[in-house]
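Observations on chain architecture
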Amino acid sequence: MMICRRNRVVSASSLLVKVGERLRCFGSHVVQESGDEPPRAHKSGSSGYKQYADVDWGSLGFSLKPTDVMYVMNCSKDETFVHGEIRHFGNIQLSPAAGVLNYGQGLFEGLKAIKRQDGGLVLFRPDLNATRMKAGADRMCMPSPSVEQFIDAVKHTTLANKQWVPPPGLGFLYIRPLLLGTGAMLGLAAAPAYTFLVYASPVQNYFKEGQSLNLIVEDEYDRASTGGVGGVKSITNYGPVLKPLTRAKNQGFSDVLFLDSVHGKYIEETSCSNIFILKDNKLSTPLTNGTILPGVTRKCILDIAFDHGYEVQERSIRVEELLEAEEVFCTANAIGIAPVGSITYQGNRQ
């Protein structure tokens with residue numbers, strides 16, 4: 001199966017530049033306009049109050065830097081989420097028999113809040129993250145917050161932590177919504193109670209800005225299998241990739257690119273991002289057929305590329321096509337767009 005969209009022919013060389021420029025403002029959801037009430041003051045000793053938290057913004061990486069508060073909402077198995085609240089950031093209490101601990105009944109999302117030059121705060125397509133969480137919750141037999149509740153929780157978390165949003169150009173506030181089976185049980189079943197939680201951390205991109213990735217194609221371990229949960233953001237998708245990812249990083253690679261589990265010859269995605277190839281004005285990415293996560297940034301890239309005149313294809317892609325491409329790049333919310341500098345397959349680096 002292949003999904004294809006055709007448009008006028010344009011030069012391929014400037015794709016990353018064009019897409020990158022559009023992506024900065026594509027589908028932004030305004031949290032706070034520049035003329036709204038100034039950010040809540042953040043106390044700094046006896047010197048009074050200031051707009052930003054005490055952070056060395058120039059040294060941010062992609063690591064946890066706890067903010068002031070988080071958002072929490074609970075419900076039981078047969079109920080729906082109704083009311084949530086802002087709480088101080090901190091540990092949560094779980095029974096050793098919680099469904100998420102014993103049977104992996106959990107989902108997470110990742111999105112970003114960015115400060116504009118005029119001081120306004122915007123979110124990047126939270127509606128798509130909300131919709132994806134609902135689809136994942138259905139697959140994992142979990143109640144889910146509505147799209148409106150999801151966006152409202154993310155906005156509340158952002159505004160309550162707005163002093164932690166980096167200044168323009170120095171990073172973004174990474175927002176991590178979680179949906180967890182927190183109720184206790186012993187037998188294999190859906191948990192009797194659930195928690196929706198949103199926390200945040202100021203970060204830079206997952207990979208350094210402008211850094212080209214060195215990928216290695218993994219032909220021993222699979223990321224996902226047909227009929228599994230590779231197409232939703234289940235927490236169970238990530239632990240199993242740690243072994244091949246750790247091995248790859250120890251060998252100097254940036255990330256691992258996984259192949260399909262049936263034939264072992266079609267590319268799927270890396271440990272944390274979707275992948276694209278460009279050749280002859282055709283932008284191609286693996287088709288999301290249940291084993292590949294339908295990334296939010298992935299969707300936006302496809303739409304933007306089509307608007308700029310590229311033929312867009314979602315289809316099966318052999319490893320050999322990857323090695324013959326004119327350009328290769330990866331996308332994810334925490335990554336943005338990262339160009340691929342080299343690909344190693346069965347010991348051969350190109």
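Glancing now at the overall build of the chain. Secondary structure summary: the chain contains seven helices and 20 strands in total. The buried share among the 350 residues of the chain stands at 51%. When contacts within the chain are restricted to residue pairs at least 6 apart in sequence, those whose partners lie at least 24 apart make up 73%. Counting only carbon and sulfur atoms, one obtains 51% of the accessible surface of the chain, whose full area is about 16,000 Å².

Per the stated rule, a full pass over the model turns up ten salt bridges. Note that R87 and E85 form a salt bridge whose closest N and O atoms lie 2.7 Å from each other. A relative accessible area of 35% places R87 in the partly exposed class.

Summed over the entire model, instances satisfying the criterion amount to nine aromatic pairs. When the ring of Y52 is compared with that of W57, the centres are 5.9 Å apart and the planes differ by 70 degrees; the resulting orientation is edge-to-face. W57 gets classed as buried once you look at its relative accessible area, which sits at 10%. Where F108 meets Y238, the ring centres are 5.1 Å apart and the plane angle is 55 degrees; that geometry is what we call tilted. One end of the pair, F108, is in strand β7 (residues 106-108); the other, Y238, is in the loop between β12 (213-218) and α5 (242-250), with 130 residues separating them in the sequence. For the pair formed by F108 and Y238, the shared burial category is buried. The ring of F172 carries the charged tip of K112 above its face, separated from the ring centre by 4.3 Å.

Take the pairing of strand β11 (residues 193-203) next. Buried residues dominate β11, accounting for nine of its eleven residues. By the bridge criterion, six bridges tie strand β5 (residues 69-76) to β11 in an arrangement that is antiparallel. Paired with V72 across the two strands is L197, which belongs to β11. Sheet topology places strand β10 (residues 172-181) next to β11; ten bridges connect them, and they run antiparallel. Following the sheet pairing, L178 is matched in β11 by L197.

About the criteria used
All chains use their own residue numbering, which begins from 1 and follows the written sequence. Confidence filtering applies because this is a predicted model: local features only for residues at pLDDT of at least 70, side-chain atom pairs given and counted only at 80 or more, and all residues used for totals across whole chains, interfaces and linings. Hydrogen atoms and water are omitted, and side-chain values are computed over all heavy atoms in the structure. For the purposes of this entry, the term helix denotes a DSSP run of H or I that reaches at least four residues, the term strand denotes a run of E that reaches at least two, and both are numbered from the N terminus. Each residue is placed in one exposure class: buried if its accessible area under a 1.4 Å probe, protein chains only, is under 20% of its type's maximum, exposed if it is over 50%, and partly exposed if it falls in between. Every residue pair with non-hydrogen atoms within 4.5 Å of one another is taken to be in contact. For accessible areas, the Shrake-Rupley method is used with a probe of radius 1.4 Å. Any residue's cover is judged against the shown protein chains and nothing else. Every case where a carboxyl oxygen of Asp or Glu lies within 4 Å of a side-chain nitrogen of Lys or Arg is listed as a salt bridge. Aromatic pairs are defined between Phe, Tyr and Trp rings, using the six-membered ring for Trp, whenever the two ring centres lie within 6.5 Å; interplanar angles under 30 degrees are classed as stacked, those over 60 as edge-to-face, and all others as tilted. Counted as over-ring charges are cases with an Arg CZ or a Lys NZ within 6 Å of the ring centre that also lie within 35 degrees of the ring normal. The pairing criterion for strands is at least two bridges between them, as found by DSSP.

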